[in-house]
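So you can see what is in the structure, the chains are spelled out below.
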Amino acid sequence: MALPKYFRLARILLAHEIRGLLASKALWAMLLALAPLVGYSFVQAVSLFAEASKSAVEFPELARGMTPLDGILVPTLGAFYLAVTLLFPFVAIRAIGQDKQTGAAKLVAQFPVGTVTLLVVKTLAVGAAWCLAALPALSAVAIWALLGGHLYAPEWLNLVLGHALYGFAITGIAFFAAAIADSVATAAIVALAFTLGFWVLDFAAGNVQASWLQALSQMSLTAALRQFEHGLFSLPHALEAASIGGTLILAAGVWLVAGRTLPRKIGLTIALAILLAALLAAAGQAGVYHDVSEDRRNSFAPADSVALARMDKGLTITLYLSPDDSRFKDIEANVLGKLRRQVPRLTVRLGEAGRVGLYGSSGDDRYGLVVYEYAGKREESRSSDPREILPILHGLAGTTVVPTETPSYPGYPLVADASVWGGWFYLGLPLLILLFWWRCHRPARPNFEKEKP
Amino acid sequence: MIKAAALLEVRSFTKRYGDAEVLAGVDFDLRPGEILGIIGPNGAGKTTLMECLTGLLPADAGEVWVHGELLPPARRREAMFYLPDGIAPWSDQLVWRVTGLFRELHGFDSAREAVVVGRLELSPVLDKRVAELSKGYRRRLLLALALLTPQPILILDEPFDGFDLRQTLHVMDLLREVAIDRALILSIHQLKDAERICDRLLLLDGGRRLGFGTMGELASQAGAARADLEEVFLGLT
């Protein structure tokens, strides 16, 4: 097919798919639910941020802890995340499930375009629906700026990218569920089983110490989104979400191609599952991270980072700590997470030590110890503070790091009141949504009589 | 591989669901400008035959030749368009949007769409949603969609279902006009309707071809030269 004709057909189908989504009650119901949900989260977040800012504006040390990313953006988009997890699958499922349920799929299968084109068009249409759903959250960001709040573009653009990738993966799950299920209702159950399964996985990984479960939980979509919420652009997690979304959309295509036998569909789906496993394994090796947070929370100082990147002889860290211990969580957040991204060959393992007792003692003298081994040398420490641990690591590597002066993060406390904007989210935006729905519901049609020859 | 043949030749179509054979080596052909009726009792395999023919269902065996060229299932939509029975596609879209979609997709102009809409008397319901249409109007809309496709072979499953006698006769007239340019395969439940409109008939029962030919040929096959289709049907099934 010639390229101009291909794009003409794709444009016609895209317009058709968008019209279909705009005609669906699921989309409008989601938008109506989203506006107050996002609004409530935003107003509450601003209120809490303002409370904390009251003392922070007087004390610079406290002000450094006031980050709009954690205080405003993540909680506001958290409501959006909830809607995308629980409501958006219904919108995306409709793009395929409705055709199957009404018999339109038999007509669509005879359209002069291939299944891949149809899926690309449907994905773009669902992407447009996602953009519509993101508007309340984006309006909250705009209001924050209007209130005088600070925004650091790389931080919030990275956060939006994380949510977009999450939405793409959810779209893949919804498409696949709709393609294999007989009805829209069954597809919804399958899709929610997937999305809620990620929550269960995260919960289980936080409470069960099995290493395979920990590794599996790292591949959960919520874990991937968390990286972006922490101000980190993580290529492995971005590729992971894109691979899950893309492969599941392709798997949906396997089930939608007319005239294919069931054994062949199952065989191709298994092949795609193997491909997905390979893609996820490859994504984990991508090793590209960018700390886009303004306070550089995900990185050590530049001079330390350069020195750590040169430690290529295999650093092993053994922790005699329970994963439930707050010290373990501290060292994981402040040191190990950063080292994993910067040290080329890092092994972290848990040493055998008795579990922590009721009052913090396990009865084992080694409990609380962290052992660092590198190039035949060994050091021990009980600290979780990077200011103590980094000199140990540089000592093991035999390097001397001269600290360079970097501007410290000032923090952006703001005493503001967003409650007046509640009207926008609880009344104005829902009214606008209803107005838009009404406009889309009965569009004016061209007059055939005038066009008759 | 080129064969001198009619517009469409179907050879040895076979389809099984588990142990049940729903099509057992069915053969037939279709000539240009012809209206071919597929008749048979419920469960005869009429719909399965049409869906296998168009590649929507995988057949276990069989060949489809169009203009003497063997067409694999993936390419059959180039030559034929199949309109299933009992569907209500894009039920929350407006009627004029749905007809407009087919017009645009197949590159027809608005005048062609207006003629089809006019002939099927769809004008009063253009601003309604598909879900709001009565059974008769929905059937007319589906016929309009079929007429807004360019394939040389049109396959319609129960095209007169939902119409009263006057409407049926009107649609028959329209289909005869369509058959000037395109060949039609119609699955028809009502034998009187089939007798009125079809040039040749394919009689199926239990997935087997019990008869194929003109009304006269079928009557001879049934051993009752002056019989009508109902008598032929009862005689052969």
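Thresholds, definitions, all that
- Residues numbered from 1 in each chain as written.
- Chains lettered and ligands numbered in written order.
- Predicted model: local features only at pLDDT ≥ 70, side-chain atom pairs only at ≥ 80, totals over all residues.
- Helix = DSSP H or I, 4+ residues; strand = E, 2+ residues; numbered from the N terminus.
- Buried ≥ 20, exposed ≤ 12 C-beta atoms within 10 Å, placed from the backbone.
- Expected span 1.5 Å × (residues − 1).
- Bend = angle between axes of the 7 residues up to and from the residue.
- Contact = placed C-beta atoms within 7 Å.
- Pairing = 2+ DSSP bridges.
- Axes fitted to C-alpha atoms, helices over the stretch in contact; angles between N-to-C directions.
- Domains from an automatic or database assignment.
- Nonpolar A, V, L, I, M, F, W, Y, C, P; charged D, E, K, R; others polar.

Tell me about unusual backbone geometry, and name the residues and values.
The phi dihedral of A375 of chain A falls on the positive side, at around 50°, and the residue is not glycine. Inspection of the secondary structure assignment puts A375 of chain A in the loop between β5 (370-374) and β6 (377-381). For A375 of chain A, a count of 12 C-beta atoms within 10 Å gives the class exposed. Of note in this structure, W90 of chain B is not a glycine but carries a positive phi near 50°. Structurally, W90 of chain B is set in the loop between β6 (80-83) and α2 (95-105).

So, helix α15 (residues 326-342) of chain A: which residues are in play, and what are the values?
Residues and elements named next belong to chain A. Over its 17 residues, α15 runs 24 Å from end to end, which matches the ideal 24 Å to within 8%, given 1.5 Å per residue. E332 marks the point of greatest bend in α15, at about 45°. Elements in contact with the buried residues of α15: β2 (289-291), α14 (302-309), β3 (315-319), β4 (346-350), β5 and α16 (386-397).

So what's going on with the sheet that holds strand β7 (residues 153-157) of chain B? Residues and values would help.
Residue and element names in this part refer to chain B. Strand order in the open sheet formed by 6 strands is β6-β7-β8-β3-β9-β10, with mixed pairing between adjacent strands. With partners counted over all chains shown, the strands left at the sheet margins are β6 and β10 (208-213), one partner each. Between one strand axis and the next, the sheet turns through 15° on average, direction left out of account. In this sheet, β7 lies alongside β6 in parallel orientation, the contact comprising 4 bridges. Residue pairing for β7: M80 is matched across the bridge by I153.

Report on the domain arrangement of chain A, specifying residues and quantitative values.
You can read the domains of chain A as domain 1 (8-293 + 412-441) and domain 2 (302-397). Here the C-alpha centre of domain 2 of chain A lies 35 Å away from the C-alpha centre of domain 1 of chain A.

Help me get a handle on the environment of N334 of chain A, residues and values and all.
All names here are of chain A. Among the structural elements, N334 can be located in helix α15. Along the primary structure N334 and T222 are separated by 112 residues, whereas in three dimensions their C-alpha atoms are 21 Å apart. If we ignore the near neighbours within four places in the chain, the residues touching N334 are S384 and P386.

For the sheet that holds strand β2 (residues 20-30) of chain B, give the residues involved together with the corresponding values.
Residues and elements named next belong to chain B. Spatial ordering of the open sheet is given by β2-β1-β4-β5, a layout of 4 strands whose pairing is antiparallel. Strand pairing shows two members of the sheet lacking a second neighbour, β2 and β5 (69-70), which therefore form its edges. Bridge count between strand β1 (residues 8-17) and strand β4 (residues 61-66): 5 bridges; the pairing is antiparallel. Each bridged residue has a counterpart across the sheet, and for L8 the counterpart in β4 is V66.

Describe the interface of chain A and chain B, listing the residues and the values that go with them.
How big an interface is tends to be stated in terms of accessible area lost as the parts join. In this complex, chain A contributes 25 residues to the contact, which on the side of chain B involves 29 residues. Sort the elements by how many residues they give to the side of chain A that touches chain B and helix α1 (residues 3-22) of chain A lands first, with 5 residues. Considering only residue class, the side of chain A that touches chain B consists of 11 nonpolar, 8 polar and 6 charged.

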